[in-house]
Amino acid sequence: MDLSIVESQNKVPPLAIVDGAPVVELPEDLYIPPDALKVFLEAFEGPLDLLLYLIRRQNLDILNIPIAEITKQYIRYIEVMKDLQLELAAEYLLMAALLAEIKSRMLLPRQVAEEEDEDPRATLIRKLQEYENIKKAAEEIGQLPREERDIFPVTADVSDVEIKKKLPDVQLRELLLAFQDVLKRTEQLSHHQITREPLSVRERMSTILENLKGENHLFFSQLFIKTEGKHGVVVSFLAVLELCKEGLIEIIQREPFDPVRIRTAVSQAS
Amino acid sequence: MTLCESEQQLAKLPEEELIKVDMEIKQIVEAILFVANRPMTIRQVRQVFPELERPESGEIQKAVDAITEDYSSRSVELKLVASGYRFQVKEVMAPWVSRLFEEKPPKYSRALLETLAIIAYRQPVTRGDIEDIRGVSVSSTLMRTLLDREWVRVIGHKEIPGRPALYSTTKLFLDYFDLSSLNELPTLQEIEDLESSVISNSENSPAQEDNENQEATKKTIKVTDRQEATTTFQ
Amino acid sequence: MTLCESEQQLAKLPEEELIKVDMEIKQIVEAILFVANRPMTIRQVRQVFPELERPESGEIQKAVDAITEDYSSRSVELKLVASGYRFQVKEVMAPWVSRLFEEKPPKYSRALLETLAIIAYRQPVTRGDIEDIRGVSVSSTLMRTLLDREWVRVIGHKEIPGRPALYSTTKLFLDYFDLSSLNELPTLQEIEDLESSVISNSENSPAQEDNENQEATKKTIKVTDRQEATTTFQ
């Protein structure tokens, strides 16, 4: 496949940062590692962004786009991406169609009267300009000093002062409705399975972790409280299993017949 | 420091001027602003005073100005943001102070910042408008993040089929970016009037455009380029 | 006042003593103490400095003393409490400050309620878990509000890269909602069956409109609903 569209330019901002190294160029070889192309595609916010890149890369003015050439380049990129079966948003294809339409219109004799309503070329140019302005503005907003990074509001402590600080009031029902909202959304958005284990197990999981805080280990037998009866034992046991499953604790036995102990899971990454 | 300064002022200023920066009011205003945990407007500060001893807004404002002055050489400052005055650490101190927090500040994606920019500059806008400008669909998660952070809110619905929500930015958005009004946002470049600059360029002379457009056009496009443009196109 | 006083000190102290209160260190220490939101010992303040430019404890102490002096005439003070130094409002300001808090308390955001619910039902969870479930990032401020309210606490750290904190709900949380154990919270099934008439409104705008909705909710739902919920459930 011909990829002469990729011309080297001096001042091209990096497309993306991969493993800390800037990716400035789309590889010029015929062979493109799919990963590189994926990075390339991800670097763009959509067809307008890609078009702007192609235009700026060749130092063209937006008002001065050689539509035929740009269309050719754009469509080539799209084809390469399709060939590589990269997931391509429908908008990219729509833009390809629009460019093709503009190109074909320009081949036809110009009919002034007809074009007064909407010249697709003018529409495209206007869109590119508007998008470019917003893109710049977004970059500038990103540079503004912001809370959490550059701005830290301060307060003086009032805990010594005898005052009743009124805090927001929450009804249990509000809390439940908020959670209902979450449940609905997770069902819609993803395959997140919120498991339905009894909350007493969850509560016990927290307690066990809390007890482990600052301790090397706890004996397995310490986790069971006699007075809680059979039910309590089951809850504790399930909590230990769940903690183990979630990788939060480890169950260890140094040698046969040694007492079973649990401890906070050790980082696998280290 | 304040006492010394006011002694100096005493020498300089006419007496009536001085009386207006009431020391007690100033102390109270300072305490309120330090404790509030959110930006406070002059009006809100004034409301804290009991009705019978409530100073005029002008007096509160004078106190605020005096406090701002007092802190000018310290590491914290009294700053006016969209929802009012708040004490904050000066920006130059950020590298030191941020070391106190284990978690890194959140990073925002280009998609999010662009969407935010469109809402800020073009408000009120529908999601359709945003998608139109960006040329891609806007994810629900992204809109949710903006609504969630309370940077953006729904201020109504457009009376077109589907009654899409109209979004605008909030004061919290401005507060977050340390701004006191939308006017303080970076200026958006004017978009040249295409009708007169490109399309009809082949027919009309640029002289007919109104002055503003010419100003805007001059910055970005050279006249020669434009003529080339029309040539290439045809 | 401090200027006057330090002028007096200037007369009293030998010059080398004075030089030691490094202005830059003082500024940084002040900023750290203002932002920390908890009392900080000299040692803890010192730890915030990067290792290579870490001042001696004595220098930090000098800075702290100088700051204490600077604020002696202001409405806030730097005070040594059991666990370290913190900025606090002076006691004489109490009547004014308490008037501020007598105001109607602000409402919690939808984001906060959702986060709290997720911690209650899914504990122990990391912030990442919460973000996964909600599909939106969770702000530090939000977590801090929950921790400050003591409805949520850190019970440990997950041993994965970054060692994220594990959150769970507290006894205070149970007390507030009049529950004797988490088990008394409605089951997921019961939550799904809750009438969602109020939800559909609030979904649009968590920001300002939401507050009104919450107001509305309160009026229509009585506490008895809560008892019904727990009854149904057993």
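Right above here is the structure, for reference.
Definitions and cut-offs
- Residues numbered from 1 in each chain as written.
- Chains lettered and ligands numbered in written order.
- Predicted model: local features only at pLDDT ≥ 70, side-chain atom pairs only at ≥ 80, totals over all residues.
- Heavy atoms only, no water.
- Salt bridge = Lys/Arg side-chain N within 4 Å of Asp/Glu carboxyl O.
- Buried < 20%, exposed > 50% of the residue type's maximum accessible area, 1.4 Å probe, protein only.
- Helix = DSSP H or I, 4+ residues; strand = E, 2+ residues; numbered from the N terminus.
- Expected span 1.5 Å × (residues − 1).
- Arc of directions from axis to C-beta.
- Pairing = 2+ DSSP bridges.
- Polar contact = N/O pair within 3.5 Å; in protein donor to acceptor, adjacent residues only side chain to side chain.
- Contact = heavy atoms within 4.5 Å.
- Buried area = accessible area lost by both parts, 1.4 Å probe.

(A) Summary view of the pattern of salt bridges. All names here are of chain A. On inspection of all chains with the given rule, the structure shows 38 salt bridges over all chains. Across the pair Glu210 and Lys213 runs a salt bridge, and its minimum N-O distance is 3.9 Å. For Glu210, a relative accessible area of 23% translates into the label partly exposed. Taking the relative accessible area as the measure of exposure, Lys213 reaches 45% and is therefore partly exposed. Of the charged contacts in the structure, one is a salt bridge between Arg261 and Asp258, with a shortest N-O distance of 3.7 Å.

(B) Structural detail: helix 9 (residues 229-245) of chain A. All names here are of chain A. If you check helix 9, its first and last C-alpha atoms are 25 Å apart, about what 17 residues at 1.5 Å a residue would give, namely 24 Å. Regarding helix 9, the residues found buried are Gly232, Val235, Ser236, Ala239, Val240, Glu242 and Leu243. Angular distribution of buried residues about the axis of helix 9 spans 165 degrees; they occupy a single face of the element. Seen from the buried face of helix 9, the exposed residues on the opposite side, beyond 90 degrees, are Lys230 and Lys245.

(C) Local environment of the sheet that holds strand 1 (residues 76-81) of chain B. Spatially, three strands are ordered 3(A)-2(B)-1(B) in an open sheet, and the strand pairing comes out antiparallel. The outermost strands of the open sheet, each flanked by one partner alone, are strand 3 (152-153) of chain A together with strand 1 of chain B. As paired strands, strand 1 of chain B and strand 2 (residues 84-89) of chain B are joined by six bridges and run antiparallel to one another. Its bridge partner lying in strand 2 of chain B, Val76(B) is registered against Val89(B).

(D) Layout of unusual backbone geometry. Cis geometry is found at the peptide bond from Gln123(B) to Pro124(B), where omega equals -5 degrees. The backbone of Asn59(A) sits at a positive phi, close to 55 degrees, despite the residue not being glycine. Tracing the sequence through the fold places Asn59(A) in the loop between helix 2 (47-57) and helix 3 (67-83). Taking relative accessible area as the criterion, Asn59(A) reaches 66% and is therefore assigned exposed. A positive phi angle is found at Glu150(B), which is not glycine, with a value near 60 degrees. Considering the arrangement of structural elements, one finds Glu150(B) in the loop between helix 9 (140-148) and strand 3 (152-157).

(E) Representation of the side chain of Glu148(A) in the model. The topology assignment puts Glu148(A) in the loop between helix 6 (120-143) and strand 3. Of the residues examined, Glu148(A) reaches a relative accessible area of 17% and is grouped as buried. A distance of 2.6 Å separates the side chain of Glu148(A) from the side chain of Tyr176(B), its partner in a polar contact.

(F) A look at the interface of chain A and chain C. At the interface, 59 residues of chain A touch 69 residues of chain C. Buried surface at the junction of chain A and chain C, summed over both partners, amounts to about 6,200 Å²; 63% is from carbon and sulfur atoms. Summed over the three residues of chain A that lose the most area to chain C, namely Leu172(A), Arg173(A) and Leu199(A), the buried surface amounts to 11% of that side. Seen at the junction of chain A and chain C, the total is three salt bridges. Here chain A is connected to chain C by 15 residue pairs in polar contact (both at pLDDT 80 or more).

(G) Region of interest: the pairing of strand 2 (residues 84-89) of chain C. Most of strand 2 of chain C sits inside the fold, with six of its six residues counted as buried. The turn linking strand 1 (residues 76-81) of chain C back onto strand 2 of chain C is made up of two residues.

(H) Spotlight on the sheet that holds strand 4 (residues 218-219) of chain A. Residues and elements named next belong to chain A. If you trace the three strands from one edge of the open sheet to the other, you get 4-6-5, paired in antiparallel fashion. Of all the strands in the sheet, the pair left with one neighbour each is strand 4 and strand 5 (249-252). Pairing of strand 5 with strand 6 (residues 261-264), which is carried by four bridges, proceeds in the antiparallel orientation. Across the sheet, the residue bridging to Glu250 is Arg263, located in strand 6.

Purely spatial values, then, with no claim about function.
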